Amino acid sequence: MSESSQVLRISRIELQNAGKVESAQLTIGGSQYEVQKQRDSNIPSAEFSPPLEAQEPFYLSLRKKWVWEWSGKKISFDPREVLSKLEDHQFRKVQGNVTIVLDITPPTQLSDDPATSPAPIVTQSGLLMPSTEEILRQCPRFRILVIGKTGVGKTSLINSTFGIDDARPEHDKRGKAKIETPLYSKLNDLFVLHDSQGFEPGENNNLSNVKEFIERRKTHEDVKEQLHAVWLSFQAPLETLGQRLMEAGMEEFLRDKSKILGDIPTIFVFTKYDTLAEDIERRWILSKRKYSEEDIGLEADQYLKRHCIQRIQNLTNQKNIPYIAVSSKARYAGTLKGLTELTHQKVSEYFVQRHGISPVPTVTVMAQRVVPWLNIEESINVGKRKYWRAVFAGAHFSGYTIEDCLDVIHTDIAKVWNFYDPSGFLLCGKFRGFMMRMVDTLNENPTKAIARSNTLLPESGIALVAMLPITLPFSAGAAVIKWAHATYERIPEVQRKFMAYITDLTHVMDIIFTLTVSRNEKKLAIRIIKAAIVLYQTSQRRRDVHIKIKELPIERFFGGCDINAEMESIVKSRYTTDDDLKDKVEKITSAELEGDEDWELPHGGDFAKRLPIPPIP
């Protein structure tokens, strides 16, 4: 397989929302190019004719007002990433408040091979490309349109579903977003939002603008430019307060819904469900009625059917109306999960029916940060596309080491979970090394019980001291993972290691999800990852998983049994099935995870003595 490289050709650069940035300097291959504010727009930009060409990573330095030296922080760009995330020949990168926009001319290919696919990831002994790289090349972001009038709670809905707090239009004032203006977030690069403020009285042009926008996206040939889902947002109206469900413009839109939207996956989202639920609860308390949370949910659903769904059915002339009521308040967290699951279901049905195997359902899962089991399911689906199927079918990877094969599987799993990891901790060699070292515990004595004191939390349940460095129970050094450097062999013991690695990594990711996403932690840190490793490594769940893998009969591997089914069964059983581990994870507080530290700290010392982390038996 020959290695090829694509030439990136940059015809223009613009810095949007530049604020105090006076100018910038683009450095490509040792040459510098100035980016100055333009007189007519006051926006730093530059055009290049002929286009600048880049094959290697390049960077941009910013100069701010009153600071006449270049910023020490360089904003780097990888040509392969730029090419994989182009939208209408533009690449956007958010750095702080600044959005950097590169205009790209169609790339040229430097290769003896005429194929135009991007170069695969380079491993130690050859070329293997993660499946997610091809998926994200076809569809780099989940594209969603949210329609609803100002004040219905769209911002909270988007922030909670996609784990962000910084999506914003690039030119427009808050609350006045234009549908054509894509909204991006540096905290989650796998979705792009188009926001319409609804059809307010006096804004007659907005309805026609929305129709034109949807029509262009609906008929676009490139799947990454199409709309992948639409949320029609309404505040659940309270009859007692005389609230209206929708304005006249929305009624007109719904009468033409079939013509405007066609079969684009569309969900009717009723926001501020907490207001409706609590109104019902208040009335029941006053009447001294006995009730449960389930009773409130059923009553609220009947209310929505009477006051909202029936009217929408009449306007659209459609009986099947996918809808859900949501709230971003913690008490109603299940509603956001329901919305995410319903959206994924409708997106999958639509794009699989139209395209067969489609990247859109996968990217939909990668973009959301609400439902961890969807990430687990999709990592299985991605794995079965190529590498799981090959490994467990006993395929030969001539010339590749076990580590090479694990690298692409690891990358695929990490990419599907899509944590905000700007430092790349989950893809670095240290983390991979710790995960490979954990696989060595397949050889430990399965009859040994885990002492209750040998856990991250003391028996009394007292939480760890905040800022206390966490010492991992093993090293990631090369000496302890010699097996990974061996050439891949078609034998059951190698496949057992693959099963253990995939399961262990998925469980650690699942724990990281609980420690971060579900607690509104935005940025991933080494300390959080180390806590997840220790929690899982010292758990009965990890031992049970390894025992099951170790005890699989040899004939299961090459005797015609679907080993992928065995693999799926183990992976789908989440860490939460271990009540003790689940309890320990939930007791870790956000305060304890604050701060940063190195992967490996000097052993010994007071902090090591105070932290009850055992060595591996």
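Residues numbered from 1 in each chain as written. Predicted model: local features only at pLDDT ≥ 70, side-chain atom pairs only at ≥ 80, totals over all residues. Heavy atoms only, no water.

Visitor: Outline the overall build of the protein chain, supporting the account with residue identities and numerical values.
Guide: Scanning the protein chain from N- to C-terminus turns up 22 helices and 16 strands. Within the protein chain, the fraction of its 617 residues that count as buried is 54%. Within the protein chain, counting contacts between residues at least 6 apart in sequence, those at least 24 apart form 75% of the total. Taken as a whole, the protein chain presents about 27,900 Å² of accessible surface, with 49% of it coming from carbon and sulfur. (Helix = DSSP H or I, 4+ residues; strand = E, 2+ residues; numbered from the N terminus. Buried < 20%, exposed > 50% of the residue type's maximum accessible area, 1.4 Å probe, protein only. Contact = heavy atoms within 4.5 Å. Areas by Shrake-Rupley, 256 points an atom, 1.4 Å probe, with all protein chains shown as cover.)

Visitor: Talk me through the packing of helix α7 (residues 273-286) against helix α8 (residues 293-316); I want residue IDs and the actual numbers.
Guide: Interhelical geometry of α7 versus α8 gives an angle of 115 degrees and a closest axis separation of 10 Å. With respect to α8, the element α7 is oriented roughly perpendicular. In the packing of α7 onto α8, the handedness of the crossing is right-handed. Packed against α7, whose contacting residues are Y273, L276, A277, I280, E281 and W284, the element α8 presents D295, I296, G297, E299, A300, Y303 and L304 at the interface. In terms of residue class, the contact of α7 with α8 is built from nine nonpolar, one polar and three charged. (Axes fitted to C-alpha atoms, helices over the stretch in contact; angles between N-to-C directions. Parallel < 35°, antiparallel > 145°, perpendicular 65-115°, else oblique. Left-handed = near helix turned anticlockwise from the far one by under 90°. Nonpolar A, V, L, I, M, F, W, Y, C, P; charged D, E, K, R; others polar.)

Visitor: So what about the confidence of the model for the protein chain? Which residues, and what values?
Guide: Here the protein chain averages 80 in pLDDT, while 78% of its residues score no lower than 70. Mean pLDDT in the protein chain bottoms out at helix α22 (residues 605-610), which sits at 32, and peaks at helix α10 (residues 360-367), which reaches 97. For residues 66-70, every residue scores under 50 in pLDDT, and the model assigns this stretch nine contacts once sequence neighbours within four places are set aside. Low confidence marks residues 602-617, where pLDDT is under 50. Its contacts with residues over four positions away, or in another chain, come to 36 contacts. (pLDDT = per-residue confidence, 0-100.)

Visitor: So what's going on with unusual backbone geometry? Which residues, and what values?
Guide: The phi dihedral of N17 falls on the positive side, at around 55 degrees, and the residue is not glycine. Within the secondary structure, N17 is located in the loop between β1 (5-16) and β2 (21-28). Here K288, not a glycine, exhibits a phi torsion of approximately 60 degrees, which is positive.

Visitor: Any chance you could break down the side chain of D412 for me, citing the residues and the numbers?
Guide: When you line up the elements, D412 lands in helix α13 (residues 402-417). For D412, a relative accessible area of 6% puts it in the buried group. A distance of 2.7 Å separates the side chain of D412 from the side chain of T132, its partner in a polar contact. In contact with D412, other than residues within four places in its own chain, are P130, S131, T132, V382 and Y387. (Polar contact = N/O pair within 3.5 Å; in protein donor to acceptor, adjacent residues only side chain to side chain.)

Visitor: Explain the sheet that holds strand β14 (residues 229-235) to me, using residue names and the numbers behind them.
Guide: Reading across the sheet, the six strands line up as β12-β13-β11-β14-β15-β16 and stay open at both edges, with mixed pairing between neighbours. Of all strands in the sheet, those bounded by a partner on one side alone are β12 (183-185) and β16 (323-325). For this sheet the average axis-to-axis angle between neighbouring strands, irrespective of direction, equals 25 degrees. Pairing of strand β11 (residues 142-147) with strand β13 (residues 188-196), which is carried by six bridges, proceeds in the parallel orientation. By the bridge assignment, I144 is partnered in β13 with L193. Lying over the sheet, α8 contacts β15 (266-271) and β16, oriented at roughly 130 degrees with respect to β15. (Pairing = 2+ DSSP bridges.)

Visitor: How would you explain the nonpolar core if you had to name every residue and give the values?
Guide: One finds F431 and L515 to be the most contacted residues of the largest nonpolar core, which totals 64 residues. Of all the elements, helix α16 (residues 492-515) adds the most residues to this core, at 13 residues. Residues I214, V230, L245 and L261 belong to the second largest nonpolar core, which totals 40 residues. (Core = buried A, V, L, I, M, F, W, Y, C linked by side-chain atoms within 4.5 Å.)

Visitor: Explain the environment of A54 to me, and be specific about the residues and the numbers.
Guide: Within the element layout of this structure, A54 appears in strand β4 (residues 44-54). Through-space distance from the C-alpha of A54 to that of D78 is 9.2 Å; in sequence the pair is 24 residues apart.

Visitor: Summarise the packing of aromatic side chains; cite the residues concerned and give the values.
Guide: The description of an aromatic ring pair uses the distance of the two centres, along with the angle that the planes make with each other. All chains considered together, the criterion is met by 17 aromatic pairs. Judged by centre distance (6.0 Å) and plane angle (75 degrees), the ring pair of Y33 and F48 falls under edge-to-face. Separated by 15 residues along the polypeptide, Y33 in strand β3 (residues 31-37) and F48 in strand β4 bring together distant segments of the chain. Of the residues examined, Y33 reaches a relative accessible area of 27% and is grouped as partly exposed. Classification of F48 by relative accessible area gives buried; the value is 11%. (Phe/Tyr/Trp six-rings, centres within 6.5 Å; stacked < 30°, edge-to-face > 60°.)

Visitor: How would you sum up the pairing of β13? Please name residues and give values.
Guide: Among the nine residues in β13, eight count as buried, and that is most of the element. In this structure, β12 lies alongside β13, joined through two bridges in antiparallel fashion. Residue pairing across strands places S185 opposite N188, the latter belonging to β13. Between β12 and the antiparallel strand that follows it, β13, lie two residues.

Visitor: Let's hear about the environment of L52: which residues, and what values?
Guide: With respect to the helices and strands, the residue L52 is situated in strand β4. L52 sits in the buried class, given a relative accessible area of 10%. Along the sequence, L52 and R9 sit 43 residues apart, while their C-alpha atoms lie 5.4 Å from each other. Ignoring anything within four residues of it in the chain, the contact list for L52 reads L8, R9, I10, L26, I28 and Y33.

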